[in-house]
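Chain by chain, the residues run as shown.
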Amino acid sequence: MPKLYIVATPIGNLQDLSPRMREALETCDLVAAEDTRVTMKLLQVLGIHKPMLSCHRHNEEDRGDALISRMLEEDLCVALTCDAGTPGISDPGEGVVARAWEAGIELSPVSGPSAVATALSVCGFDTREFAFYGFLPRESKALREKLSQIHQTGIPVAVLYESPHRVVKLLSQIAESLPGARACVCCDLTKKFERIDRGDIAMVHARLAGLENVEKGEYCVVLDLSKLPSPKAVSAPDEAQTPEVQLAARMLAGESLTDALEALKSSGVRRNELYRASLNLKRLAQTLLSDDQA
């Protein structure tokens, strides 16, 4: 009977290896690893020798189908691993798991270290309700929009991942977009040079920006948004309103003309109606300015 183990692996400290992790890796016929070189080192530490194949973000779609077919044909037990933490949580793996469900293959999760849970445990914020977003957009405009969406949800705690080369930029944008937020920034959790900084987002950003080795390590950021003013939700456009009214309402709520036009276009307002509405608003603005000058 084929079986798929979803095996969480240490995020840094090998002392976090559990007996169940070892058992799954010893029991399996094959290891499907995000990076075979990384998992090979782990297996060497455990003294385990197993056939391996790579199954990462760029080949998972094709390789996942082949892997599931092979499991069924050869009655294989496979251990699915990522480089660190739990497969499928901002790491490859969910595609293989979904295919295993579809094929009727037995699944067995082997729980273990997670940067998300570890960072939440040490942040000291009220984490009874939180949302995990993984890596946010890189481009500045998209990042600002995403931070605004996170605030709009009203969920008090957000957990993010970031690369060491962009973490200072991320914190700077958070400080600008969500002033008053608190942050717990964790670097290299459970590793020898683990570093955790907590406090007001502006202060945490300033401290990290001044660190010599800030661009080394892996970052997990926990944001506490509970003390921020309630988000000003942008009301959904009333379909009975004219395009001019809908457009003006969005712009008064803080959206740019371009963003407002895109949003209304996505909601089904026709392009020619939006064009006329934008012209009408521009004419109205010009008329008001002329009246003021007169």
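Let us look at the structure shown here. (Residues numbered from 1 in each chain as written. Predicted model: local features only at pLDDT ≥ 70, side-chain atom pairs only at ≥ 80, totals over all residues. Heavy atoms only, no water.)

As for the sheet that holds strand E4 (residues 77-81)
- Read across the sheet, five strands follow the order E3-E2-E4-E1-E5 without closing on themselves; strand pairing throughout is parallel. Each of the sheet's edge strands pairs with one partner strand only, and the pair in question is strand E3 (52-54) and strand E5 (106-110). Direction aside, neighbouring strands of the sheet carry axes that sit 20° apart on average.
- Sitting on the sheet, helix H3 (residues 60-74) is in contact with strand E1 (3-7), strand E2 (30-33), E3 and E4, with an inclination near 155° to E3.
- Packing against the sheet, helix H4 (residues 94-103) makes contact with E1, E4 and E5, and its axis sits at approximately 150° to E1. (Pairing = 2+ DSSP bridges. Helix = DSSP H or I, 4+ residues; strand = E, 2+ residues; numbered from the N terminus. Axes fitted to C-alpha atoms, helices over the stretch in contact; angles between N-to-C directions. Contact = heavy atoms within 4.5 Å.)

Looking at the sheet that holds strand E8 (residues 182-187)
- One open sheet accounts for five strands, arranged E6-E7-E10-E8-E9; its pairing is mixed. Strands with a single pairing partner mark the edges of an open sheet, and in this sheet they are strand E6 (130-135) and strand E9 (195-200). The mean inter-strand angle of the sheet, taken between neighbouring strand axes irrespective of direction, is 15°.
- Pairing of E6 with strand E7 (residues 157-162) involves five bridges; the strand directions are parallel.

Details of the pattern of salt bridges
- A complete count under the given rule lists 13 salt bridges for this structure.
- A salt bridge links Glu-26 to Arg-22; the shortest N-O distance between them is 3.7 Å. Remark: Arg-22 and Glu-26 occur in helix H1 (residues 19-27); sequence separation between them is four residues, near one turn of the helix.
- The exposure class assigned to Glu-26 is partly exposed, which follows from its relative accessible area of 42%.
- A residue is classified by how much of its surface remains accessible, and Arg-22, at 35% relative accessible area, is partly exposed.
- Each of Asp-188, Lys-191 and Glu-218 takes part in a single network of salt bridges with overlapping partners. (Salt bridge = Lys/Arg side-chain N within 4 Å of Asp/Glu carboxyl O. Buried < 20%, exposed > 50% of the residue type's maximum accessible area, 1.4 Å probe, protein only.)

What to know about empty space enclosed by the protein
- Taken as a whole and assessed by the stated rule, the structure comprises one cavity of 30 Å³ or more.
- The calculated volume of the largest cavity comes to roughly 50 Å³.
- In terms of lining, the largest cavity is formed by Leu-136, Pro-137, Arg-138, Leu-143, Glu-162, Arg-166, Lys-169 and Leu-170.
- Among the residues making up the lining of the largest cavity, the classes are represented as four nonpolar, no polar and four charged. (1 Å grid on protein atoms, 1.4 Å probe; cavity = no way out; pocket = protein on both sides within 12 Å on 5 of 7 lines; lining within 4 Å. Points joined across faces, edges and corners; volume = space filled by probe spheres on them. Nonpolar A, V, L, I, M, F, W, Y, C, P; charged D, E, K, R; others polar.)

Digging into the side chain of Thr-81
- If you trace the backbone, Thr-81 turns up in strand E4.
- By relative accessible area, Thr-81 is classed as buried at 2%.
- A polar side-chain atom of Thr-81 sits 3.3 Å from a polar atom in the side chain of Thr-39.
- The residues contacting Thr-81, other than those within four sequence positions of it, are Val-7, Thr-9, Leu-25, Val-31, Ala-32, Ala-33, Glu-34, Thr-39 and Pro-87. (Polar contact = N/O pair within 3.5 Å; in protein donor to acceptor, adjacent residues only side chain to side chain.)

Describing the packing of aromatic side chains
- This model, assessed by the stated rule, comprises two aromatic pairs.
- Seen in terms of ring centroids, Phe-132 and Tyr-161 are 5.1 Å apart; in terms of plane orientation they differ by 70°. Their pairing is edge-to-face. Within this pair, whereas Phe-132 is found in strand E6, its partner Tyr-161 is found in strand E7, the two being separated by 29 residues in sequence.
- For Phe-132, a relative accessible area of 30% translates into the label partly exposed. (Phe/Tyr/Trp six-rings, centres within 6.5 Å; stacked < 30°, edge-to-face > 60°.)

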